[in-house]
Amino acid sequence: MTPRSRSQLRGRSLLSLNALSAEEMLYLVDLAIELKRRKVRGGGRRNPLLVGKNIALVFQKASTRTRCAAVVAACDEGAHVEYLSQNDIHFGKKESVADTARVLGRMFDGIFFRGFLHETVETLARHAGVPVWNGLTDQWHPTQILADLQTMKESFGHLKGLKVAYVGDGRNNVCNSLMVGCAKVGIDFVNCCPEELAPAADVWSLAKVAARQNDCRIHVSHDPVKGVRGANVIYTDVWVSMGEESQFAKRLKLLRPFQVDMAMMKRTGNLADGKAIFLHCLPAFHNHDTDVTRKLGPLEVTDDVFEAPFSRVFDEAENRMHTIKAMMVATLT
Ligand code: CP
Ligand code: NVA
């Protein structure tokens, strides 16, 4: 772990992975692994790292993992957290985002934002004067990918040289960040999606440049059979992201052939050797226990894959807390 990365991160915001070097990203993943061990040993209780820090969570969209991970991460290390939904404050309605940012920045040490437009988190970061972290916008979901990389490292012992196949909506926030994150740490990446849901040109070129710099391959495949061959990680996300609900019927039709099932996992060619895992950022439509799946059945992943021993989705969810904690500790101390 290099002290240089630690000092370079102090005081910085995290709006997308584009702003992090590979070294900084790997540093945050390793710090999360260390903080996870430390939590088991009760380290946070003996020597809390964020005592006296106040953190605001400004959330425009619903969240289970990101919100709870941030609250527990901060509280573990002695910080205080205030949750502010957009209905609780004047955010963008009676007060501009820039003014809210300046007010919150006078009171809080860091602001964790979840919302719609990426420009909103950029405005917050420009005006707050304290670190602002992106907990998901329509375009990016950087803290999710730190947890995904931690889970891959814990599963395989290394990141460089792995192959990740993301299967599904190839242009959403999770896929965008995963593409850039993998390319930065030297993971081969296939974006396996319908033609209509291919990545946006600007995001694609960012990921392409990162892949070239880090000596790994990245490509788009519209074939859910060939696309997943050789993958160590099959990763999927919901077919309809928050804010895109009007697209539901269209997406079901487009994405049905991209459902992750056991046959797809086997087509990686790595399952039998224990060299393939399944990841999903969650929440997932995998069984008949939600309002949607009671009517339609499983969507992006079948229940047997979701519940299989090679599915690491709950380690991945837990790692949200350790990586968010690492980000807070690295940027606030
Ligand atoms: N993966 C994730 O961001 O989950 P939440 O929407 O529950 O925060
Ligand atoms: N792409 C999903 C991710 C949820 C964590 C969404 O934006 O709704």
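Below: a short report on this structure.

Conventions we followed
- Residue indices begin from 1 for each chain and proceed along its sequence in written order.
- Think of it this way: whatever chain is written first is A, whatever ligand is written first is 1, and the rest follow in order.
- Given that the model is predicted, a residue must reach a pLDDT of at least 70 before its local features are reported, and side-chain atom pairs must reach 80 or more before they are shown or counted; all residues, however, enter totals for whole chains, interfaces and linings.
- To get the side-chain values, take all heavy atoms of the structure and skip hydrogens and water.
- Being near a molecule or strand, for a residue, means having at least one of its heavy atoms within 4 Å of it.
- The term polar contact refers here to a pair of N or O atoms within 3.5 Å; inside protein, the definition further demands a hydrogen-donor-capable atom paired with an acceptor-capable atom, and it admits residues adjacent in sequence only when both atoms are side-chain atoms.
- Here the Shrake-Rupley method, with its probe set to 1.4 Å, supplies the accessible areas, and only the displayed protein chains count as covering residues.
- Amino acids are sorted into nonpolar (Ala, Val, Leu, Ile, Met, Phe, Trp, Tyr, Cys and Pro), charged (Asp, Glu, Lys and Arg) and polar (every other residue, Gly among them).
- The rule for pairing is simple: two strands pair if DSSP sees at least two bridges between them.
- Strands are runs of DSSP state E lasting at least two residues, helices are runs of H or I lasting at least four, and both sets are numbered from the N terminus onward.
- Only the stretch in contact is used when fitting a helix axis, every axis being a line fitted to C-alpha atoms; angles between N-to-C directions are given from 0 to 180 degrees.
- Whether two residues are in contact is decided by their heavy atoms: any pair within 4.5 Å suffices.
- Orient the strands so they point away from the viewer, and a crossover whose first-strand-to-second-strand path over the helix runs clockwise is right-handed.
- As used in this record, nonpolar core signifies buried Ala, Val, Leu, Ile, Met, Phe, Trp, Tyr and Cys residues forming a set joined through side-chain atoms within 4.5 Å.
- Working definition: with a 1.4 Å probe on protein chains only, accessible area under 20% of the residue-type maximum means buried, over 50% means exposed, and in between means partly exposed.
- Here, expected helix span is obtained from the residue count minus one, scaled by 1.5 Å.
- Throughout, the arc means that of the directions going from the helix axis to the C-beta atoms.
- Without a salt bridge and with relative accessible area above 30%, a residue can belong to a patch; like charges are then joined within 9 Å and nonpolar side chains (Val, Leu, Ile, Met, Phe, Trp, Tyr) within 5 Å.
- Throughout this description, the term salt bridge denotes a Lys or Arg side-chain nitrogen within 4 Å of a carboxyl oxygen of Asp or Glu.
- Neither His nor the chain termini are counted; the positive set is Lys and Arg, and the negative set is Asp and Glu.
- The atom standing in for a charge is NZ when the residue is Lys, CZ when it is Arg, CG when it is Asp and CD when it is Glu.
- Only a pair of cysteine sulfur atoms within 2.5 Å qualifies as a disulfide here.

**A closer look at the site of ligand 1**
Now for step 1: Within the structure, ligand 1 sits among Ser63, Thr64, Arg65, Thr66, Arg114, His141, Gln144, Cys281, Leu282 and Arg320.
Now for step 2: Within the backbone of Arg65, a nitrogen or oxygen atom sits 2.8 Å from an oxygen atom of ligand 1.
Now for step 3: Cys281 is positioned with one of its backbone polar atoms (N or O) 2.9 Å from a nitrogen atom of ligand 1.
Now for step 4: For ligand 1, whose unbound accessible area comes to 250 Å², protein coverage reaches 95%.
Now for step 5: Here the residues of the shell around ligand 1 are counted per class, giving two nonpolar, five polar and three charged.

**What about the sheet that holds strand 3 (residues 110-114)?**
Now for step 1: Taken in spatial order, the four strands make up an open sheet running 2-1-3-4, and their pairing is parallel. Only two strands of the sheet have a single partner each, and these edge strands are strand 2 (80-85) and strand 4 (132-134). Put simply, the sheet's adjacent strands are angled 20° from each other on average, direction ignored.
Now for step 2: Where strand 3 meets strand 4, three bridges bridge the pair, whose relative direction is parallel. Residue pairing across strands places Ile111 opposite Val132, the latter belonging to strand 4.
Now for step 3: Lying on the sheet, helix 14 (residues 313-332) is in contact with strand 1 (54-59), strand 3 and strand 4; it crosses strand 4 at an angle near 155°.

**A short note on the sheet that holds strand 7 (residues 218-221)**
Now for step 1: Strand order in the open sheet formed by five strands is 7-6-5-8-9, and the pairing between neighbours is parallel. Two strands in the sheet have a free side with no partner beyond their single neighbour: strand 7 and strand 9 (277-280). In this sheet, neighbouring strand axes are inclined to one another by 20° on average, regardless of whether the strands run parallel or antiparallel.

**Regarding the pairing of strand 7**
The two faces of a sheet get side chains in turn, since along a regular strand they alternate between them.
Now for step 1: Looking at chain direction, strand 6 (residues 188-192) and strand 7 are connected through four bridges and run parallel. Considered in strand 7, the bridge of Cys192 is made with Ser221.
Now for step 2: Crossover connection from strand 6 via helix 9 (residues 201-213) to parallel strand 7: handedness right-handed.

**Side note on the nonpolar core**
Now for step 1: With 64 residues, the main nonpolar core has Leu149, Met152, Leu178, Ile187, Phe189 and Met328 as its most contacted residues.
Now for step 2: Apart from the residues within four sequence positions on either side, Met328 is in contact with Leu50, Ile55, Ala70, Ala73, Ala74, Trp133 and Thr333.
Now for step 3: Of all hydrophobic cores here, the second largest spans 30 residues; its members include Ala165, Val167, Val240 and Val260.

**Points about the site of ligand 2**
Now for step 1: In the vicinity of ligand 2, the residues found are Leu136, Asn172, Asn173, Val174, Asp237, Val238, Ser241, Met242 and Leu282.
Now for step 2: Here a nitrogen atom of ligand 2 sits 2.7 Å away from a polar atom, N or O, in the side chain of Asp237.
Now for step 3: In the environment of ligand 2, a nitrogen atom lies 2.7 Å from a nitrogen or oxygen atom belonging to the side chain of Ser241.
Now for step 4: Contact with the protein chains hides 95% of the accessible area of ligand 2, taken as 270 Å² for the molecule alone.

**Thoughts on the side chain of Ser241**
Now for step 1: Relative to the helices and strands, Ser241 resides in the loop between strand 8 (233-236) and helix 10 (248-255).
Now for step 2: Overall, Ser241 belongs to the buried group, its relative accessible area being 8%.
Now for step 3: Those residues within four positions of Ser241 in sequence are excluded, and the remaining contacts are Asn172 and Asn173.

**Some words on helix 9**
Now for step 1: Between its first and last C-alpha, helix 9 extends 18 Å over 13 residues, near the 18 Å set by a 1.5 Å rise per residue.
Now for step 2: Within helix 9, burial applies to Val203, Trp204, Ala207, Ala210 and Ala211. Each buried residue of helix 9 sits inside an arc of 130° when the element is viewed along its axis, so together they form one side. Residues of helix 9 that are exposed and angled more than 90 degrees away from the buried face: Ala201, Arg212 and Gln213.

**Some points on a negative patch on the surface**
Now for step 1: Together, Asp289, Asp303, Asp304 and Glu307 line one region of the surface with negative charge.
Now for step 2: By the secondary structure assignment, Glu307 is in the loop between helix 13 (303-306) and helix 14.

**Remarks on the state of the cysteines**
Now for step 1: Inspection of the entire model under this criterion finds zero disulfides.
Now for step 2: Distance from the sulfur of Cys175, which forms no disulfide, to the nearest cysteine sulfur (Cys193) is 7.0 Å.
Now for step 3: With no disulfide of its own, Cys182 lies closest to Cys216 among cysteine sulfurs, the gap being 8.2 Å.
Now for step 4: Overall, Cys182 belongs to the buried group, its relative accessible area being 0%.

Structural measurements only, silent on function.
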